[in-house]
Amino acid sequence: MELFRIRKDIPFMKHAIVLNAISFVTFALAVFFLTTRGLHLSVEFTGGTVMEVAYEQPADLESVRKVIENLGYADVPVQNFGTSRDVLLRLPVQAGQSSGQQSETVLAALKAQNPAVELRRTEFVGPQVGQELVSSGLMALGLVIVGIMIYLAFRFEWKYAVSAIVANLHDVIIILGFFAFFQWEFSLAVLAAVLAVLGYSVNESVVIFDRIRETFRKQRKMAPQQVIDHAITSTISRTIITHGSTQIMVLSMLLFGGPTLFYFALALTIGICFGIYSSVFVGAAMAMWLGIKREDLVKSSSKNEGDPDDPNAGAVV
């Protein structure tokens, strides 16, 4: 299905140097902010107190959040847990207060607002558990990257694997750079969004690389730069449909999902926007710089090599 068809190929690779320079500057700034400011890690990573309270009626999360903010806690996750009457709170560690003192203070403030509130459970998440989550998250990220590289190396060729992983890391680092610059809370939900962006971005790269391989098979006289331009142009309609539909769903979570889903949806939004850009101007351009050619994707066959004008000559179907 196509919304429109562009008859003339757009010379994307003609502007690859300028656009790659912009990408490099953006990437460098993201690394700089990550190094100097770091991530504002949530309770899951840093340790703290997890409380579950219950109300007789569906809880007003906004009023609960105001009570918590009045106690001096900023950006504390307040969300429903199980039912609309159950609320889960994650309180960061405060100097001079134990986990028990924190939970008693918060429960007293909540009871002052609504005497019917009940404490279901309270747990302390130690720094050691948070460190394990950081290690597990980094390991998951590393395994995803290695798996993507192996998959692309087998499906295409090592140059495409390198190009795709550079483009994907470009997206991930820029997402983390935004969270470091604005000091948005980085939680397990955001980590899940980052991993989702990796898979989403590599799918876009695979679509473009597939079209590059198809074009190499059909157009023997095209230069690699022309082949890449044709492949990207011919997939524009598909890209707009796919990314537009996905972004509409993510935007609904961003606008109407409340504080619980806000940063998750925000990370996905940044990843989708930069994922389109990186697949075209980072991944495809990187493949061009690495010197891709027809022989990398289409193996020659002695049976067909004699006819240079046959568009299917040398193609493995």
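So, a few notes on the structure that sits alongside this text. (Residues numbered from 1 in each chain as written. Predicted model: local features only at pLDDT ≥ 70, side-chain atom pairs only at ≥ 80, totals over all residues. Heavy atoms only, no water.)

## Observations regarding the overall build of the protein
When helices and strands are counted, the protein shows 11 helices and six strands. The C-alpha atoms of the protein give 25 Å as radius of gyration, which overshoots the globular expectation for 317 residues (20 Å, by more than 25%). Viewed in the frame of its principal axes, the protein has a C-alpha envelope of about 85 × 40 × 35 Å. Within the protein, the fraction of its 317 residues that count as buried is 44%. Residue pairs at least 24 apart in sequence account for 77% of intrachain contacts in the protein once pairs closer than 6 positions are excluded. Total accessible area computed for the protein in this model is approximately 16,300 Å², and 63% of it derives from carbon and sulfur atoms. If you average the places of the 25 positive and of the 27 negative side-chain charges in the protein, the two averages end up 9 Å apart. (Helix = DSSP H or I, 4+ residues; strand = E, 2+ residues; numbered from the N terminus. Rg over C-alpha atoms; globule rule 2.2 N^0.38 Å. Buried < 20%, exposed > 50% of the residue type's maximum accessible area, 1.4 Å probe, protein only. Contact = heavy atoms within 4.5 Å. Areas by Shrake-Rupley, 256 points an atom, 1.4 Å probe, with all protein chains shown as cover. Lys, Arg positive; Asp, Glu negative; His and termini not counted. Charge placed at Lys NZ, Arg CZ, Asp CG, Glu CD.)

## Details of the nonpolar core
Residues Met13, Leu152, Ile212, Ile228 and Ile232 are the most contacted members of the largest nonpolar core, which totals 53 residues. Where this core is concerned, the elements lending two or more residues are helix H1 (16–36), helix H5 (127–155), helix H6 (158–182), helix H7 (188–218), helix H8 (224–234), helix H9 (236–256) and helix H10 (258–289). When sequence neighbours within four positions are dropped, the list of residues in contact with Met13 reads Gln225, Ile228, Asp229, Ile232, Val280, Ala284, Ala285 and Met288. Grouped together as the second largest cluster of nonpolar side chains are 19 residues, Leu61, Ile68, Tyr73 and Leu107 included. (Core = buried A, V, L, I, M, F, W, Y, C linked by side-chain atoms within 4.5 Å.)

## As for the packing of H7 against H9
H9 packs onto H7 with a crossing angle of 170° between their chain directions and a minimal axis gap of 12 Å. Classed by the angle they form, the pair H7 and H9 counts as roughly antiparallel. Taken together, the residues of H9 that come into contact with H7 (itself represented by Tyr200, Asn203, Glu204 and Val207) are Arg238, Thr239, Thr242, His243 and Thr246. Residue composition of the contact of H7 with H9, grouped by class: two nonpolar, five polar and two charged. (Axes fitted to C-alpha atoms, helices over the stretch in contact; angles between N-to-C directions. Parallel < 35°, antiparallel > 145°, perpendicular 65-115°, else oblique. Nonpolar A, V, L, I, M, F, W, Y, C, P; charged D, E, K, R; others polar.)

## Considerations on H6
Here H6 spans 36 Å end to end across 25 residues, near enough to the 36 Å set by a 1.5 Å rise per residue. Of all 25 residues in H6, 18 are buried, a share of seventy percent or more. Two residues or fewer after H6 comes Gln183, characterised by a positive phi angle close to 55°. (Expected span 1.5 Å × (residues − 1).)

## Focus: the pattern of salt bridges
The tally for this structure, following the rule as stated, stands at eight salt bridges. Of the charged contacts in the structure, one is a salt bridge between Glu62 and Arg65, with a shortest N-O distance of 3.2 Å. Here Glu62 and its partner Arg65 are both found in helix H3 (residues 61–70), three residues apart, which amounts to about one turn of the helix. Linking Arg121 and Glu123 is a salt bridge whose minimum nitrogen-to-oxygen distance equals 2.9 Å. Judged by relative accessible area, Arg121 falls into the partly exposed class, the value being 26%. Classification of Glu123 by relative accessible area gives partly exposed; the value is 41%. Overlapping salt bridges bring together Glu52, Arg121 and Glu123 as one network. (Salt bridge = Lys/Arg side-chain N within 4 Å of Asp/Glu carboxyl O.)

## Details of the pairing of strand E3 (residues 78–81)
Looking at chain direction, E3 and strand E4 (residues 83–92) are connected through four bridges and run antiparallel. Looking at the pairing, Gln79 lines up with Leu88 of E4. Hairpin geometry of E3 and E4 is characterised by an intervening segment of one residue between the two adjacent antiparallel strands and by a positive phi of about 85° at Gly82. (Pairing = 2+ DSSP bridges.)

## A word on the environment of Glu44
Looking at where Glu44 falls in the secondary structure, it is placed in helix H2 (residues 43–46). Look at Glu44 and you get buried, because its relative accessible area is 14%. Residues Glu44 and Val134, spaced 90 residues apart in sequence, show a C-alpha to C-alpha distance of 9.0 Å.

## Some details on the layout of surface pockets
One number sums up the size of the largest pocket: a volume of about 440 Å³. Surrounding the largest pocket, 20 residues form its lining, Pro77, Glu185, Pro259, Thr260 and Tyr263 being those nearest its centre. Among the elements of the structure, H3, E3, H7 and H10 are those that each provide at least two residues to the lining of the largest pocket. It is H10 that contributes the most residues to the lining of the largest pocket, six residues altogether. The class makeup of the residues in the lining of the largest pocket is 10 nonpolar, four polar and six charged. (1 Å grid on protein atoms, 1.4 Å probe; cavity = no way out; pocket = protein on both sides within 12 Å on 5 of 7 lines; lining within 4 Å. Points joined across faces, edges and corners; volume = space filled by probe spheres on them.)

## Describing a nonpolar patch on the surface
Together, Phe24, Val25 and Leu29 make up an exposed nonpolar region whose accessible area comes to about 320 Å². Relative to the helices and strands, Leu29 resides in helix H1. Classification of Leu29 as partly exposed rests on a relative accessible area of 44%. (Patch = residues over 30% accessible without salt bridge, like charges linked within 9 Å, V, L, I, M, F, W, Y side chains within 5 Å.)

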